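The lines below spell out each chain.
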Amino acid sequence: MSKTRTVFACQACGFESSKWLGRCPDCGEWNSFVEEHAPAPAPAGKGRPDVAMGNASQPRPYEDVDVAEAARVPSGIGEFDRVLGGGIVPGSMVLIGGEPGIGKSTLLLQVAHLLGRTHGAVLYVSGEESERQVKLRGERLGVAGGGLFLATETSLERILEHVDAVRPAALVVDSVQTMYSPKFASAPGSISQVREVATQLLFLAKGRGITTFLIGHVTKDGSLAGPKSLEHIVDTVLYFEGEKRQHHRIVRAVKNRFGAVSELGVFEMTEKGLVPVPNPSALFLAERPVGSPGSAVVATLEGTRPMLVEVQALVSPTSFGTPRRMALGVDANRTNLLLAVLEKRVGLELMSDDVFVSVAGGLEVNEPAADLGVAAAVASSFRNRALPAHTTVFGEVGLAGEVRAIGQPALRAREAAVMGFKRCLLPTRNLPLDVPGLELIGVSSLEGALERLFDEG
Ligand code: TYD
Ligand code: MG
């Protein structure tokens, strides 16, 4: 038994301190310190005995390093492969985070089922549900075995035994917070347990080339108890976004050693599990109130994927002293800035109005290209005049009221054409572009853009 030392660890970010603190100096969380027993650091010169990293490494000349990419394994779920950057990289470790009940187990069971048929045996270890419960879910999803093994287990040591017995090509651990090893003295679910368990699984994944999926629960306020501190360990981090009450689910890559980040997959939760949505623009525009004021369609880009989303604004007279400003799905500071630009450069008197801005469908749009859309939606609600139905807008708005060029205009404009839009307002600096079937109107100022929009309407 190795010696242990007592530390206090922040359960939100993993920061360690030798004494208890009321507020974490690292992440700012209050009352998050818990006493834990960390293993004593190994004496200098001696490695940790339980660390088995596979074969010892050998320095190699740069020019001899083989860069031929290992073939990716398609999971069979198009949207999942897309977030991973084009399929699963064998031997990689993927962390999938999200709120409880958002669909992590569902997605991974679907993936495990398909991988079991194409990739080799898959071991699905659940620390939360019995094999029977997992199978009951599987029946609804149409999972039919064939290379898929289930185990209910929370002990890391026994998972390692199961891996020895089954020799799987892929391992799913649902969830990493339920797993523990008695080797580490701190309580199951505590941040040091989670980290140690994940590290041991990483050694397993890298040492034996087992593709590993870790499921991690994330707390409601977005602070990630545990999973956040694992981000640097794993190769790829995916997070579920979206509202549990809505049907669609968004899976976003926030870190990917093998592909683009901010790549995103869209799913719909049905009674038969998560179904990929290959055309998210249609989904996000499905309930657009065409012809009503305060609604603008913007062409945004998520990773490499263009998407049309609806930005809604509601401007109404303030009933109490200070006007309220609220932004859902767009950055609140940026929205305030746009309101100031609308006041000063366009002359909209918003001073005595409440302004609410939201992105329909619960999507987060965090790129400046949405500026023009937000401003247009606010102006439309303020003037109580609808924007033309078949027009989409994009462009960054500067403090002088100028419309600035943005990245990848052709991709966005093409998506608009595909979705049946006839006209697109975009920064003049992004022209010329060639998009068949779409009238492209360059604008260089916010004022000019609004004139164009309301002239047509
Ligand atoms: P689950 O995958 O258990 O969530 P997590 O593992 O992230 O906690 O998903 C649970 C929710 O999904 C639950 O509220 C029911 C819903 N669901 C469906 O709507 N259809 C389905 O086919 C399945 C399996 C679950
Ligand atoms: Mg689950």
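Just so it is clear, the model here is predicted, and its values are computed rather than measured.

Engineer: So what exactly am I meant to see when it comes to the overall build of the chain here?
Structural biologist: Counting its regular elements, the chain contains 11 helices and 21 strands. The C-alpha extent of the chain, read off along each of the three principal axes, is 75 × 50 × 50 Å. Here the chain holds 457 residues, and the buried ones make up 49% of them. Taking the contacts inside the chain whose residues are at least 6 apart along the sequence as the reference set, 67% of them involve residues at least 24 apart.

Engineer: Sorry, what's going on with helix α8 (residues 332-346) here?
Structural biologist: Given 3.6 residues per turn, any residue in an α-helix points the same way as the ones three and four places further on. Here α8 spans 20 Å end to end across 15 residues, near enough to the 21 Å set by a 1.5 Å rise per residue. Listing the buried residues of α8 in full gives T335, L338, L339, V341, L342 and V346. Buried residues of α8, seen end-on, are gathered within an arc of 160° and therefore sit on one face of the element. In α8, the exposed residues that point more than 90 degrees away from the buried face are N333 and K344. With its phi angle positive at about 85°, G347 sits one or two positions after the end of α8.

Engineer: I keep staring at the packing of helix α2 (residues 104-118) against helix α3 (residues 131-141) and nothing clicks. Help me out?
Structural biologist: When two helices pack together, their arrangement is given by the angle between the helix axes and by the axis-to-axis distance. Put simply, α2 and α3 touch, their axes get as near as 10 Å, and they point 70° apart. Taken together, the axes of α2 and α3 are roughly perpendicular relative to one another. Along its contact with α2, which presents S105, T106, L109 and Q110, the element α3 presents V134, R137, G138 and L141. Tallied by class, the residues present in the contact of α2 with α3 amount to three nonpolar, four polar and one charged.

Engineer: Just to check I follow, could you spell out the side chain of R305 for this structure?
Structural biologist: By secondary structure assignment, the location of R305 is in strand β14 (residues 305-317). When its relative accessible area of 4% is taken as the criterion, R305 is described as buried. There is a polar contact of 2.9 Å between the side chain of R305 and the side chain of E79. A distance of 3.4 Å separates the side chain of R305 from the backbone oxygen of L264, its partner in a polar contact.

Engineer: What's the story with the sheet that holds strand β20 (residues 423-427) in this structure? I'm lost.
Structural biologist: Picture the strands of a sheet paired through backbone hydrogen bonds; they go either parallel or antiparallel. If you trace the seven strands from one edge of the open sheet to the other, you get β15-β16-β14-β13-β17-β20-β21, paired in mixed fashion. Edge positions in the sheet fall to β15 (325-328) and β21 (439-443), since each has one partner strand and no second. Sheet twist, expressed as the mean angle between neighbouring strand axes with direction ignored, is 25°. As paired strands, β20 and β21 are joined by five bridges and run parallel to one another. Bridge pairing links L426 to G442 in β21. This element, α8, spans β15 and β16 (353-359) of the sheet and lies at about 130° to β15. Across the sheet, helix α10 (residues 409-418) is in contact with β13 (295-302), β14, β17 (391-393), β20 and β21; its angle to β14 comes to roughly 80°.

Rules of the game
Residues numbered from 1 in each chain as written. Chains lettered and ligands numbered in written order. Predicted model: local features only at pLDDT ≥ 70, side-chain atom pairs only at ≥ 80, totals over all residues. Heavy atoms only, no water. Helix = DSSP H or I, 4+ residues; strand = E, 2+ residues; numbered from the N terminus. Buried < 20%, exposed > 50% of the residue type's maximum accessible area, 1.4 Å probe, protein only. Contact = heavy atoms within 4.5 Å. Expected span 1.5 Å × (residues − 1). Arc of directions from axis to C-beta. Axes fitted to C-alpha atoms, helices over the stretch in contact; angles between N-to-C directions. Parallel < 35°, antiparallel > 145°, perpendicular 65-115°, else oblique. Nonpolar A, V, L, I, M, F, W, Y, C, P; charged D, E, K, R; others polar. Polar contact = N/O pair within 3.5 Å; in protein donor to acceptor, adjacent residues only side chain to side chain. Pairing = 2+ DSSP bridges.

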